[in-house]
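Residue-level structural notes
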Amino acid sequence: MDSDKCSENDASGKSEEPMPRKSSTVSLGVDVPPDCTIDLAELVKRLLSFQPPNDDYSVHPELTAQDCLIVCHMAIKYLSSSTSVCVQTDSPINIVGDLHGQFHDLLRFFDQLGQPPQAKFLFLGDYVNKGKFSLEVIVLLLSLMLMYPDSVVLLRGSSECASKCSHYGFKDELIGRFGANSGTSVFVGFLRCFQWLPLAAIVGGKLLCCHGGVSPSFELEPFASGQPETNADLLNNKIERPFELQQFGLACDLLCSDPMKSPARDNFEVSVPEGERLKLNWVTRGRSCSYHFSKEALSEVLRILNLSLLIRGKCHGPDGFNVLLDRRCVALISSTDYLGQKKNNASVLQIDSSNINTRKPGAFFVLCPVKAAAKHLQHLWQSAGEIAGEKK
Ligand SMILES: [Mn+2]
């Protein structure tokens, strides 16, 4: 039906609004013929109802390079006009961790928890790489965001950048699907789109949500015991989009920092002169970027930001979630059997109440790896050697 057709102008329902502050000066950078349209509702329905024929999990749903480019173009337009670096949203909400191209796990979560717009979702990034259905995951999520912007919030993960996508599978997946020329232009389209994804969200004025974690920059001016709204505005002013991931700084930390597993000072007494900051609260992550943060560092940042808990992705535990640092940090992974080797469960954090109880904010919905499909699921993974970056 024509009424279901979404042109690139009406998908977000905001076609009548004036063009946003930044878009008028920034080229969207994705070349789509001006009269191209896509039936987003049909695309979403097709992806959500996809069943592998004869249980063959190596089969992909049909997607064309042009469909992908139109979705990228529409997503950039929406993200640049209607979202900010730090999104403020409310519960009830389902918070989803790393998906890494595990389209079938994403579909299982939608089956169990409900689909947008009936259920609301916040995704913490790392949509692509490592699993072999990165394209389906990112196209479905961007399309759902465009159709139901009030029910779907997508944050950027550390995987959503050029270098990781070139090394860990997404670029190869696109070139394998569409050939070198079209695959490369679709790849560039997605990279441009990733540069506009928000980096953090504040849920219910209490939860700080991002892919990595907190930053020592939050301990500096101008973040000083402001209200969550004020601090969200400060973040928006400090980080300009489009944005490419740097090796250091606030944005890098939001995407890449990690909680300390075993604080360096365990079993030692540490005394700090009055007024001095404990430097061990932030330890650099070896040769890679950003920091490990201690429970003291996290508590201090949450106090400054007037928030209660950090909810982040990047979890590698067997349960699909970890509760860390004096219960002030929750880490999630929402894809089962990470790298085809870890046999881990996948979890989504469900915040049911509209008034968040910070001592018991929600419940974990846990999916186990699909045993019956285990043989077929082997197709979903690259070999360990490829993952480690030792590619041909
Ligand atoms: Mn990840």
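Being a predicted model, the structure only gives us computed values, none of them experimental.

1. Thoughts on the overall build of the protein
A count of helices and strands for the protein gives eleven helices and 16 strands. By the burial criterion, 47% of the 392 residues in the protein qualify as buried.

2. Notes on the sheet that holds strand β11 (residues 291-293)
Ordered by their spatial adjacency, three strands build an open sheet running β9-β11-β10, and the pairing between neighbours is mixed. Looking along the sheet, the strands with just one partner apiece sit at the ends: β9 (258-259) and β10 (282-284). Two elements, β10 and β11, share three bridges in a ladder whose sense is antiparallel. Each residue of the ladder has a partner; that of Thr284, found in β11, is Tyr291.

3. Some points on helix α4 (residues 134-147)
Between the first and last C-alpha of α4 there are 20 Å, a value that for 14 residues agrees with the 20 Å anticipated at 1.5 Å per step. Counting buried positions over the 14 residues of α4 gives 13, a clear majority of the element.

4. A word on the sheet that holds strand β12 (residues 309-312)
Taken together, six strands build an open sheet; the order of strands is β3-β7-β8-β12-β14-β13 and the sheet is mixed. Each of the sheet's edge strands pairs with one partner strand only, and the pair in question is β3 (86-89) and β13 (321-324). Looking at each pair of strands side by side, their axes are set apart by 20° on average, direction ignored. Note that strand β7 (residues 200-203) and strand β8 (residues 207-210) share three bridges and pair antiparallel. Pairing of Val203 across the sheet is with Leu207, part of β8. Sheet contacts for helix α7 (residues 228-238): β3 and β7; angle to β3, the most-contacted strand, approximately 150°.

5. Topic: unusual backbone geometry
Looking along the chain, the bond that leaves Ser91 and enters Pro92 is cis, with omega of 0°. Mapped onto the fold, Pro92 is located in the loop between β3 and β4 (93-96). With an omega dihedral of 0°, the bond running from Arg241 to Pro242 counts as a cis peptide bond. With respect to the element layout, Pro242 can be found in the loop between α7 and α8 (250-256).

6. A few points about the confidence of the model for the protein
Low pLDDT marks stretches whose predicted atomic positions should not be read closely. Averaged over the protein, the pLDDT score is 84; the fraction of residues at 70 or greater is 82%. Contacts of residues 1-26 to residues separated by more than four positions or lying in other chains number 36 contacts, the stretch itself having pLDDT below 50. Taken together, the stretch residues 372-392 has pLDDT below 50 and engages in 34 contacts with residues farther than four places along the chain or on a different chain.

7. Things to note about helix α6 (residues 170-194)
If you check α6, its first and last C-alpha atoms are just 13 Å apart, much less than what 25 residues at 1.5 Å a residue would give, namely 36 Å. The axis of α6 is deflected most strongly, by about 125°, at Gly179.

8. A word on the nonpolar core
Counting residues in each nonpolar core, the largest one holds 110 residues, and the members touching the most others are Ala75, Ile95, Leu141, Leu155, Ala200 and Cys209. Non-local contacts of Ala75, meaning those with residues more than four positions away in its chain, are made with Leu142, Met145, Leu146 and Cys193.

9. Some thoughts on the packing of helix α2 (residues 65-82) against α6
Closest axis-to-axis distance for the α2/α6 pair is 9 Å, and the angle between their directions is 15°. Considered as vectors, α2 and α6 are oriented roughly parallel to each other. Seen from above, α2 lies across α6 with left-handed handedness. When α2 is examined against α6, the residues Ala65, Cys68, Leu69, Cys72, Ala75 and Ile76 are found in contact with a partner set consisting of Phe178, Ser182, Ser185, Val186, Gly189, Phe190, Arg192 and Cys193. Grouping the constituent residues of the contact of α2 with α6 by class yields ten nonpolar, three polar and one charged.

Rules behind the numbers
- Residues numbered from 1 in each chain as written.
- Predicted model: local features only at pLDDT ≥ 70, side-chain atom pairs only at ≥ 80, totals over all residues.
- Helix = DSSP H or I, 4+ residues; strand = E, 2+ residues; numbered from the N terminus.
- Buried ≥ 20, exposed ≤ 12 C-beta atoms within 10 Å, placed from the backbone.
- Pairing = 2+ DSSP bridges.
- Expected span 1.5 Å × (residues − 1).
- Axes fitted to C-alpha atoms, helices over the stretch in contact; angles between N-to-C directions.
- Contact = placed C-beta atoms within 7 Å.
- pLDDT = per-residue confidence, 0-100.
- Bend = angle between axes of the 7 residues up to and from the residue.
- Core = buried A, V, L, I, M, F, W, Y, C linked by C-beta atoms within 7 Å.
- Parallel < 35°, antiparallel > 145°, perpendicular 65-115°, else oblique.
- Left-handed = near helix turned anticlockwise from the far one by under 90°.
- Nonpolar A, V, L, I, M, F, W, Y, C, P; charged D, E, K, R; others polar.

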